[in-house]
Amino acid sequence: MKRFRQFRTNQEIRDKYADISIDADDFIYPYFVVDGQNVKQEISSMKGVFRFSIDRLLDDVEDLASLKIDKILLFGVVDEKDKDERGRSGYSPDNIISRTVKAVKKRFPHITVFTDVCLCEYTSHGHCGLLHDQEVDNDTTLPLLAEMAYQHAIAGADFVAPSAMMDGQVEAIRERLNKEHLKTKILAYSAKYASAFYGPFRDAAGSAPSFGDRKSYQMDFRTKNQALEEIAADIEEGADWIMVKPAMAYLDILYRASGQFAGYPLVGYQVSGEYSMLKNGAAHHFFDEKRIFFESLIAIKRAGADYIISYYAKEFIRNGL
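It should be emphasised that the depicted structure is a prediction, and the values quoted were computed from it without experimental measurement.

1. Brief notes about the packing of helix α2 (residues 54-66) against helix α3 (residues 96-107)
For step 1, the next point in the chain: The geometry of α2 relative to α3 is characterised by a closest axis approach of 10 Å and an angle of 40 degrees between their N-to-C directions. On the basis of their axis angle, the class for α2 and α3 is oblique. In terms of crossing hand, the pair formed by α2 and α3 is right-handed. Within the contact between the two elements, α2 uses I54, L57, L58, D59 and E62 and α3 uses I96, R99, T100, A103, V104 and R107.
For step 2, the next point in the chain: Each residue belonging to the contact of α2 with α3 can be placed in one class, and the counts come to 6 nonpolar, 1 polar and 4 charged.

2. Some thoughts on unusual backbone geometry
For step 1, the next point in the chain: With an omega of -5 degrees, the peptide bond running from K245 to P246 counts as cis.
For step 2, the next point in the chain: Take P246: it is sitting in the loop between β10 (241-245) and α8 (251-260).
For step 3, the next point in the chain: Within the chain, D133 stands out as a residue other than glycine whose phi angle is a positive 55 degrees.
For step 4, the next point in the chain: Mapped onto the elements of the fold, D133 is located in the loop between β6 (131-132) and β7 (135-136).
For step 5, the next point in the chain: Positioned with a positive phi, H285 is a non-glycine residue whose angle comes to about 65 degrees.

3. Description of the packing of α8 against helix α10 (residues 289-303)
For step 1, the next point in the chain: Packing of α8 against α10 leaves a shortest axis separation of 8 Å and a crossing angle of 35 degrees. Residue-level inspection shows L251, L254, Y255 and S258 of α8 in contact with α10, the latter providing A299, I300 and A303.
For step 2, the next point in the chain: For the contact of α8 with α10, the per-class residue count stands at 6 nonpolar, 1 polar and no charged.

4. A look at the nonpolar core
For step 1, the next point in the chain: Membership of the largest hydrophobic core comes to 111 residues, with the highest contact counts inside it found for F27, Y31, F32, I72, L74 and Y269.
For step 2, the next point in the chain: Tallying contributions element by element places helix α4 (residues 138-155) first for this core, with 9 residues.
For step 3, the next point in the chain: Among residues more than four places away in sequence, those in contact with F27 are I22, I69, K71, L297, I308, S310, A313, F316 and I317.

5. Regarding the side chain of S276
For step 1, the next point in the chain: Of note, S276 is situated in helix α9 (residues 272-283).
For step 2, the next point in the chain: Not counting residues within four places of it along the chain, the set of residues in contact with S276 comprises S45, M46 and P200.

6. Overview of α3
For step 1, the next point in the chain: Taking 1.5 Å per residue, 12 residues should reach 16 Å; α3 reaches 17 Å between its end C-alpha atoms and fits that length.
For step 2, the next point in the chain: Of the positions making up α3, those classed as buried are I96, I97, S98, T100, V101, V104 and K105.
For step 3, the next point in the chain: Here the buried face of α3 lies against β1 (27-34), α2, β4 (71-76), β5 (112-117) and α4.
For step 4, the next point in the chain: For α3, the N-terminal cap is N95; the gap from its side-chain oxygen to the backbone nitrogen of I97 is 3.1 Å.

7. A look at the pattern of salt bridges
Pairing of side chains with opposite charge becomes possible as their charged atoms draw close.
For step 1, the next point in the chain: Evaluated as defined, the whole model comprises 19 salt bridges.
For step 2, the next point in the chain: As a salt-bridge pair, D60 and K314 come within 2.6 Å of each other at their nearest N and O atoms. Remark: K314 occurs in helix α11 (residues 313-318) and D60 occurs in helix α2; sequence separation between them is 254 residues. K314 matches D60 in its accessibility class, with the two residues each being buried.
For step 3, the next point in the chain: Where R222 meets D220, a salt bridge forms, and the shortest distance between an N and an O atom there is 2.7 Å.
For step 4, the next point in the chain: Residue D220 is classed as partly exposed on the basis of its relative accessible area of 30%.
For step 5, the next point in the chain: Among the charged side chains, a salt-bridge network with shared partners connects D25, D70 and K71.

Conventions adopted
- Residues numbered from 1 in each chain as written.
- Predicted model: local features only at pLDDT ≥ 70, side-chain atom pairs only at ≥ 80, totals over all residues.
- Heavy atoms only, no water.
- Axes fitted to C-alpha atoms, helices over the stretch in contact; angles between N-to-C directions.
- Helix = DSSP H or I, 4+ residues; strand = E, 2+ residues; numbered from the N terminus.
- Parallel < 35°, antiparallel > 145°, perpendicular 65-115°, else oblique.
- Left-handed = near helix turned anticlockwise from the far one by under 90°.
- Contact = heavy atoms within 4.5 Å.
- Nonpolar A, V, L, I, M, F, W, Y, C, P; charged D, E, K, R; others polar.
- Core = buried A, V, L, I, M, F, W, Y, C linked by side-chain atoms within 4.5 Å.
- Buried < 20%, exposed > 50% of the residue type's maximum accessible area, 1.4 Å probe, protein only.
- Expected span 1.5 Å × (residues − 1).
- Polar contact = N/O pair within 3.5 Å; in protein donor to acceptor, adjacent residues only side chain to side chain.
- Salt bridge = Lys/Arg side-chain N within 4 Å of Asp/Glu carboxyl O.

The following block contains the structure:
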């Protein structure tokens, strides 16, 4: 008989033999940014997560920095009146994300800023690309994604993160950045599945499609090998970092990606629905909040993620987990 209980006798021994840990450097914290002044609006479907105006966001980043979390991901949220069929407010020179990047880098130059590059938050139809006969037109969308990435880059973004799942989006952005002699890196949403776990995010960002769904361009969750092919294509097109999204429901994809693409930093995104599911479950006393988030985030790291995007990052570090 082989005995294993000796490794679990008490907390000190369990800590000694633990293989996985998470610290502040492992986290990327997502923010939703709106126009205005003195805005801090809690998102009803995401307890503890807020939409911030730039001034209030800077205050929150200061709190984040005090926890030694030094990476953020920015999403823009604009009024319906500022949306149109082409998503112009997302890539205009004075777009909300570029203004936020400038403000953050001026006050916190050590913070690494990632920016989401997608049209869905800015189009009146809520889809991630331009439409032709109510179908997303992949190739005509690419120059607009490249322009958005360019605007974020010249504002000072360290990484641009294309999430539209348009074929060739990384290549289009890399070519534009290279043409402008910009050193901005690309975090590719390489394996982004068409997931029901995005529901609260669409409430937070006001990005729900006005018709149809995104299954024609986001990945079918019944596939597994396509994810590795998508990642390989993004790397070939010039991605610096790669991502699997969602994370918790796709730990197998994270694990396989971490092995096949070991030379590239891998990010797992604990998405809005995963976060809200755990938060609401804890609020109803189905489980202990600290323990359930600790276990879920450790699982993402154990599967192979080098970095984790999580709305729980601040609480994780503040609670000493």
